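If you want the building blocks of each chain, they are given just below.
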Amino acid sequence: MSLSTGRTPLYKSLYVQVLAAVIFGVMLGHFFPQTGAEMKPLGDAFIKLIKMIIAPLVFTTLVVGIAKMGDTRTVGRIGAKTLGWFMLASLMSLTLGLVMVHLMQPGVGLSLSLPDDGASSGVAATAISLKDFVTHAIPKSVIEAMATNEILQIVVFSLFFGLAAAALGDAAKPVVMLMASAAEIMLKVTGYVMNFAPFAVFGAIAAMVAKEGLGILATYGTFMAQFYLALACLWLLLIAMGSLFIRRRILTLLAMIREPILLAFSTASSEAAYPKTLDRLEKFGCDKRIASFVLPM
């Protein structure tokens with residue numbers, strides 16, 4: 001009898017496979033750094049695979065979700081709730097960050113040398129105004145938006161497309177059915193891509209340890225402990241808010257999304273978590289129309 005979590009054998013669980021990949025990646029990067037550094041293309045290839053599927057996946061699922069809601073009033077109500085929750089969670093996150101940084105003083109005592117005043121940080125930061133944000137959100141070409149993976153622009157076009165399909169009703173049903181089939185195909189493709197996730201995590205972790213060494217973990221250990229403490233406090237707040245609505249099922253939800261959480265953490269990419277999160281939300285019981293509308297938003 002094989003060890004299992006539910007009906008899935010333990011060794012087939014993506015969560016277990018990714019954890020194993022992290023452990024083996026650390027070992028390879030530490031003991032064989034030259035070989036570990038050569039594993040980096042595995043992680044890079046996985047991120048490219050995710051970028052390959054994210055645009056058509058967001059477009060098809062969002063269009064189908066909006067079109068099947070049937071009317072603009074429903075779309076507007078759910079959209080307003082989504083943005084409201086997003087703004088509330090963001091406000092909580094920023095407030096908690098300000099409180100924790102004053103309490104814990106991260107970075108104090110690390111004794112790191114400061115760079116020169118004129119040194120480049122490597123980050124091109126420019127001020128953004130409301131006008132720039134609005135004009136950037138509207139795509140001048142949906143083809144260009146998909147080619148460059150401008151998710152916000154894809155969402156805007158999908159909103160217009162889905163609302164038009166919902167307004168047309170029966171006349172748009174063939175297109176909506178085609179989009180629904182395309183969405184199912186993209187979710188199947190996503191399943192194929194996710195099979196590569198453990199190898200990607202293995203390569204990314206091995207390359208990181210080979211480059212920085214295990215010593216970097218000790219150097220920044222206190223800083224990272226403070227950072228994760230702040231994250232844990234934020235999670236507790238979000239879990240408490242979620243439990244007000246779905247009660248004890250919040251624990252079931254957390255258990256179901258542990259794979260995409262670990263995947264996002266290991267690959268340092270939120271895009272990597274999107275497809276698996278969508279799948280888990282549907283299996284948790286979220287209406288497919290709601291999940292495919294809210295998650296891209």
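**Section: the nonpolar core**
Ranked by size, the top nonpolar core spans 46 residues in total, and within it Phe46, Ile50, Leu263 and Phe293 carry the most contacts. Here this core gets 14 residues from one element, more than from any other, and that element is helix H3 (residues 40–69). Apart from the residues within four sequence positions on either side, Leu263 is in contact with Val18, Phe46, Met194, Ala197, Val201 and Ala272.

**What about the pattern of salt bridges?**
Between side chains of opposite charge, a pair can form when the charged atoms approach closely. Tallied over the full model, the rule gives 6 salt bridges. Across the pair Asp44 and Lys40 runs a salt bridge, and its minimum N-O distance is 3.1 Å. Of the two residues, Asp44 and Lys40 are both situated in helix H3; the distance of 4 residues between them amounts to about one turn of the helix. Classification of Asp44 by relative accessible area gives partly exposed; the value is 38%. Here Arg280 makes a salt bridge to Asp279, at a shortest N to O gap of 3.0 Å.

**Notes on helix H7 (residues 151–168)**
Helical geometry note: an α-helix holds 3.6 residues per turn, so side chains three or four residues apart project in the same direction. Counted at 1.5 Å a residue, the expected span for H7 with its 18 residues is 26 Å, and the 25 Å between its end C-alpha atoms agrees. Regarding H7, the residues found buried are Gln153, Ile154, Val155, Val156, Ser158, Gly162, Ala165 and Ala166. Taken together, the buried residues of H7 touch H3, helix H5 (130–137), helix H6 (142–147) and helix H8 (173–194). Just downstream of H7, Gly169 is the residue with a positive phi angle, here 70°.

**Focus: the side chain of Ser158**
Tracing the sequence through the fold places Ser158 in helix H7. A distance of 2.7 Å separates the side chain of Ser158 from the backbone oxygen of Ile154, its partner in a polar contact. Beyond its immediate stretch of four places on either side in the chain, Ser158 contacts Phe59, Leu62, Val63 and Ile66.

**A few points about the packing of H3 against helix H14 (residues 270–284)**
As a packed pair, H3 and H14 sit with axes 8 Å apart at the nearest point and diverge in direction by 50°. Taken together, H3 and H14 sit at an angle that is classed as oblique. Two packed elements cross with a definite hand, and for H3 against H14 that hand is left-handed. Where H3 approaches H14, its residues Phe46, Ile50, Lys51, Ile53, Ile54, Leu57, Val58 and Thr61 are matched on the opposing element by Glu271, Ala272, Tyr274, Pro275 and Leu278. Residues that form the contact of H3 with H14 fall into these classes: 10 nonpolar, 1 polar and 2 charged.

**Here we look at the confidence of the model for the chain**
For the chain, mean pLDDT is 81; residues scoring 70 or higher make up 84% of the total. Mean pLDDT per element in the chain: strand S1 (residues 4–5) is the minimum at 42, and H6 is the maximum at 91. Within the model, pLDDT remains below 50 along residues 1–6, and this stretch shows 7 contacts once partners closer than five positions in the same chain are excluded.

What counts and how
Numbers given to residues run from 1 along each chain, matching the order in which its sequence is written. Local features in this predicted model are restricted to residues whose pLDDT is 70 or higher, and side-chain atom pairs enter the listing and the counts only when it is 80 or higher, whereas totals over whole chains, interfaces and linings include all residues. With hydrogens and water set aside, each side-chain value is computed from the structure's full complement of heavy atoms. Throughout, nonpolar core names a set of buried Ala, Val, Leu, Ile, Met, Phe, Trp, Tyr and Cys residues whose side chains join them through atoms within 4.5 Å. Partly exposed describes any residue whose relative accessible area lies between the buried limit of under 20% and the exposed limit of over 50%, with all areas from a 1.4 Å probe on protein chains only and scaled to the type maximum. Only runs of H or I of at least four residues qualify as helices and only runs of E of at least two qualify as strands under DSSP, and these elements are numbered from the N terminus. Contacts are residue-level and defined by heavy atoms, with any inter-residue pair within 4.5 Å sufficient. A pairing counts as a salt bridge when a side-chain nitrogen of Lys or Arg comes within 4 Å of a carboxyl oxygen of Asp or Glu. By this rule, a helix spans an expected 1.5 Å times one less than how many residues it contains. Under this definition, polar contacts are N or O atom pairs within 3.5 Å; protein pairs additionally need one hydrogen-donor-capable and one acceptor-capable atom, and for neighbouring residues in sequence, both atoms have to be side-chain atoms. With axes taken as lines fitted to C-alpha atoms, and helix axes fitted only over the stretch in contact, angles between N-to-C directions fall between 0 and 180 degrees. By definition in this entry, angles of less than 35 degrees are roughly parallel, angles greater than 145 are roughly antiparallel, angles of 65 to 115 are roughly perpendicular, and the rest are oblique. Take the far helix as your reference; a near helix turned counterclockwise from it by less than a right angle gives a left-handed crossing, and one turned clockwise gives a right-handed crossing. Under the grouping applied here, Gly and all other residues not named as nonpolar or charged are polar, the nonpolar ones being Ala, Val, Leu, Ile, Met, Phe, Trp, Tyr, Cys and Pro and the charged ones Asp, Glu, Lys and Arg. A residue's pLDDT is the confidence the predictor assigns to it, expressed on a 0 to 100 scale.

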